[in-house]
Amino acid sequence: EKGGYEHFMLKEIHEQAFTVRDCMRGRIYPNEGKIQLGGLKDFDEKLKTANRIIIIACGTSWHAGLVGEYLIEEYARIPVEVEYASEFRYRNPIISENDIVMAISQSGETADTLAALEIAKERGATIFGICNVAGSSITRFTDAGVYTHAGPEIGVASTKAFTAQVTVLTLIAFYIAQLKEKIKPDAMKVLLTELDSIPDLIKECLKTEEATKYIAQDIKDINNSLYLGRGIGFPIALEGALKLKEISYIHAEGYPAAEMKHGPIALIDEGFPVIVIATKSSSYEKVVSNIQEVKARKGKVIAIVTKGDVDVRKSADFVIEIPDADDTFLPLLATIPLQLLAYHVALLRGCNVDQPRNLAKSVTVE
Ligand code: F6R
């Protein structure tokens, strides 16, 4: 049942080229530049006229929400807020009938997320779900939704469900953009054609496993680490850090790279590991200078870079190359080596990768 893999987590990491493909099946039509989301089509008017989208979730699903914020604001031009369900529900939130509240939950059973939706519904918002488990409580409670179709996720640390959530959010961003005519048909063709190629690029990313094994040997005995990213790379840094801390019990903190100088830089001394998302993007130069700041303090830099990169290689201790793609799709690619790195570090530390201590797959307590 583990398909020849040592752990469910490793199997699920390796499945991602297929799960992302499954998630897009029947939803994107690259040749026509069209996108179709059956689950939302009765709410097209609502999506066109919504004032605001509020995304609520916990843990890894909340990180997917942060990616969604970036994509929906970028393409659909609707303001998005991303909230921890547990904070939202206890805060007397201001919600109106023109708001869409979207819950993201792999299990569809997370108690805080469900309770947050109940409040949103009471206050008149339209509520959507992005869930993996069919027929789960959240799918039954929401007005509409989009399934992630990632298949059962057994490893407690979420991997393929996350990339499927990000895929759905990408589809939703494009779908609203299509409804609101924010993306011209030709541009949509280009975007969907690239999205269609992402499963193949994920396969390329899976080839970084050897590199991550090698780096894991080097960092397995660390106690602390910092993950940095900017823009759409920031939630990826958060997710990479969460994976490491969940399964290897190493303290890991994700931070927006530019915030480093406002505090975390004080942590950096000789050998302090800093994992940086440093792929080609509009903020590339800035990230390169963040790396130099770390190196000037003798920190150890592990950088995720775009294939063929030369600048980062000059200063980083280790580089992990991923294929070039538009920033829009970076989360679907850069996440993969971070999952593999966390897995191999945890393995070397003798941790129970599939069932980390103190964690449950579905958190039904509040
Ligand atoms: C992280 C992880 C948790 C869940 C969180 C929400 O790897 O698995 O942080 O993401 O408990 O769970 P769902 O998505 O089921 O609501």
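Just above, that's the structure.
Residues numbered from 1 in each chain as written. Predicted model: local features only at pLDDT ≥ 70, side-chain atom pairs only at ≥ 80, totals over all residues. Heavy atoms only, no water.

*Asks:* I'd like a rundown of the sheet that holds strand β4 (residues 80–84), residues and numbers included.
*Replies:* Overall, parallel pairing links the five strands, which are arranged β4-β3-β5-β6-β7 in an open sheet. Since the sheet does not close on itself, it has two edges, and those belong to β4 and β7 (144–147), each with one partner. For this sheet, the mean inter-axis angle between neighbouring strands, taken without regard to orientation, is 20 degrees. Pairing of strand β5 (residues 99–105) with strand β6 (residues 126–131) involves six bridges; the strand directions are parallel. (Pairing = 2+ DSSP bridges. Helix = DSSP H or I, 4+ residues; strand = E, 2+ residues; numbered from the N terminus. Axes fitted to C-alpha atoms, helices over the stretch in contact; angles between N-to-C directions.)

*Asks:* Give a detailed account of the site of the ligand, specifying residues and quantitative values.
*Replies:* Around the ligand, the surrounding shell holds 14 residues, and the nearest of these are Ser-61, Ser-105, Gln-106, Ser-107 and Thr-110. One nitrogen or oxygen atom from the side chain of Ser-105 is found 2.6 Å from an oxygen atom belonging to the ligand. Interatomic distance of 3.0 Å between a side-chain N/O atom of Lys-243 and an oxygen atom of the ligand. Notes on the ligand: free accessible area 410 Å², of which the protein chains cover 89%. Looking at the shell around the ligand, the elements that each hand over two or more residues are α4 (59–76) and α11 (233–248). Per element, the largest residue contribution to the shell around the ligand is three residues, and it comes from α4. Residue composition of the shell around the ligand, by class: four nonpolar, eight polar and two charged. (Near = heavy atom within 4 Å. Polar contact = N/O pair within 3.5 Å; in protein donor to acceptor, adjacent residues only side chain to side chain. Areas by Shrake-Rupley, 256 points an atom, 1.4 Å probe, with all protein chains shown as cover. Nonpolar A, V, L, I, M, F, W, Y, C, P; charged D, E, K, R; others polar.)

*Asks:* A description of the sheet that holds strand β9 (residues 251–256) should follow, citing residues and the corresponding values.
*Replies:* Read across the open sheet, the five strands follow the order β9-β8-β10-β11-β12; overall the sheet is parallel. The open sheet is flanked by β9 and β12 (318–322), the only strands paired with a single partner. Here the average twist between neighbouring strands, direction ignored, is 20 degrees. Running at roughly 175 degrees to β9, α11 makes contact with β8 (224–229), β9 and β10 (273–277) of the sheet. Sitting on the sheet, helix α12 (residues 284–296) touches β10 and β11 (300–306), and the angle it makes with β11 is about 160 degrees. (Contact = heavy atoms within 4.5 Å.)

*Asks:* If you had to explain the pattern of salt bridges to someone new, which residues and values would you point to?
*Replies:* Oppositely charged side chains may form a pair once their charged atoms are brought near each other. With the rule as written, the count across this model stands at 23 salt bridges. A salt bridge links Glu-210 to Lys-213; the nearest nitrogen and oxygen atoms lie 3.5 Å apart. Taken as a pair, Glu-210 and Lys-213 lie in helix α10 (residues 209–219) at a separation of three residues, close to a single helical turn. The residue Glu-246 makes a salt bridge to Lys-243 at a minimum N-O spacing of 3.4 Å. Of the two residues, Glu-246 and Lys-243 both sit in helix α11, three residues apart, roughly one turn of that helix. Pair check on accessibility: Glu-246 and Lys-243 agree, each one buried. Taken together, the shared-partner salt bridges connect Lys-11, Glu-15 and Lys-160 into one network. (Salt bridge = Lys/Arg side-chain N within 4 Å of Asp/Glu carboxyl O. Buried < 20%, exposed > 50% of the residue type's maximum accessible area, 1.4 Å probe, protein only.)

*Asks:* Tell me about the packing of aromatic side chains, and name the residues and values.
*Replies:* For the coordinates displayed, the defined rule picks out five aromatic pairs. Judged by centre distance (6.4 Å) and plane angle (80 degrees), the ring pair of Phe-174 and Phe-329 falls under edge-to-face. One end of the pair, Phe-174, is in helix α8 (residues 160–179); the other, Phe-329, is in the loop between β12 and α14 (330–348), and 155 residues separate them in sequence. When the ring centre of Tyr-284 is taken as origin, the NZ or CZ atom of Lys-280, which lies over that ring, is 4.2 Å away. Of note, Arg-357 hangs over the ring of Tyr-249, and the distance from its end group to the ring centre comes to 3.8 Å. (Phe/Tyr/Trp six-rings, centres within 6.5 Å; stacked < 30°, edge-to-face > 60°. Lys NZ or Arg CZ within 6 Å of the ring centre and 35° of its normal.)

*Asks:* Describe the environment of Val-353, naming the residues involved and giving the relevant values.
*Replies:* With respect to the helices and strands, Val-353 occurs in the segment after α14. Once the C-alpha coordinates of Val-353 and Val-20 are considered, the two residues, 333 residues apart in sequence, prove to be 23 Å apart. Other than its neighbours up to four places away in sequence, Val-353 contacts His-7, Met-9, Ile-247, Tyr-343, Ala-346 and Leu-347.

*Asks:* Give a description of α8 that names residues and reports values.
*Replies:* The end-to-end C-alpha distance of α8 is 28 Å, a good match for the 28 Å that 20 residues give at a rise of 1.5 Å each. The buried fraction of α8 is high, at 19 of 20 residues. At the exit of α8 stands Glu-181, carrying a positive phi of roughly 55 degrees. (Expected span 1.5 Å × (residues − 1).)

*Asks:* Can you break down the packing of helix α9 (residues 185–206) against α14 residue by residue, with the values?
*Replies:* In contact at an axis separation of 9 Å, α9 and α14 are set at 25 degrees when each is read in the N-to-C sense. Classed by the angle they form, the pair α9 and α14 counts as roughly parallel. For the pair α9 and α14, the crossing hand works out as right-handed. Here α9 contributes Leu-195, Ile-198, Leu-201, Ile-202, Cys-205 and Leu-206 to the contact with α14, which in turn contributes Leu-332, Leu-333, Ile-336 and Leu-340. For the contact of α9 with α14, the residue count by class is ten nonpolar, no polar and no charged. (Parallel < 35°, antiparallel > 145°, perpendicular 65-115°, else oblique. Left-handed = near helix turned anticlockwise from the far one by under 90°.)

*Asks:* Tell me about the environment of Ala-150, residues and numbers included.
*Replies:* Along the chain, the position of Ala-150 falls in the loop between β7 and α8. In the structure, Ala-150 is positioned 131 residues away from Thr-19 in sequence and 5.1 Å away in space, judged by C-alpha atoms. Ignoring any residue separated from it by four or fewer positions in sequence, one finds Ala-150 in contact with Thr-19, Asn-132, Lys-160, Ala-161 and Ala-164.

*Asks:* Describe the packing of α8 against α14, with residues and values.
*Replies:* Between α8 and α14, the least distance of the axes is 9 Å, while the angle of their chain directions is 170 degrees. Considering their axes alone, α8 and α14 lie roughly antiparallel with respect to each other. The residues of α14 that touch α8, namely those facing Phe-162, Thr-163, Val-166 and Thr-167, are Pro-331, Leu-332 and Thr-335.

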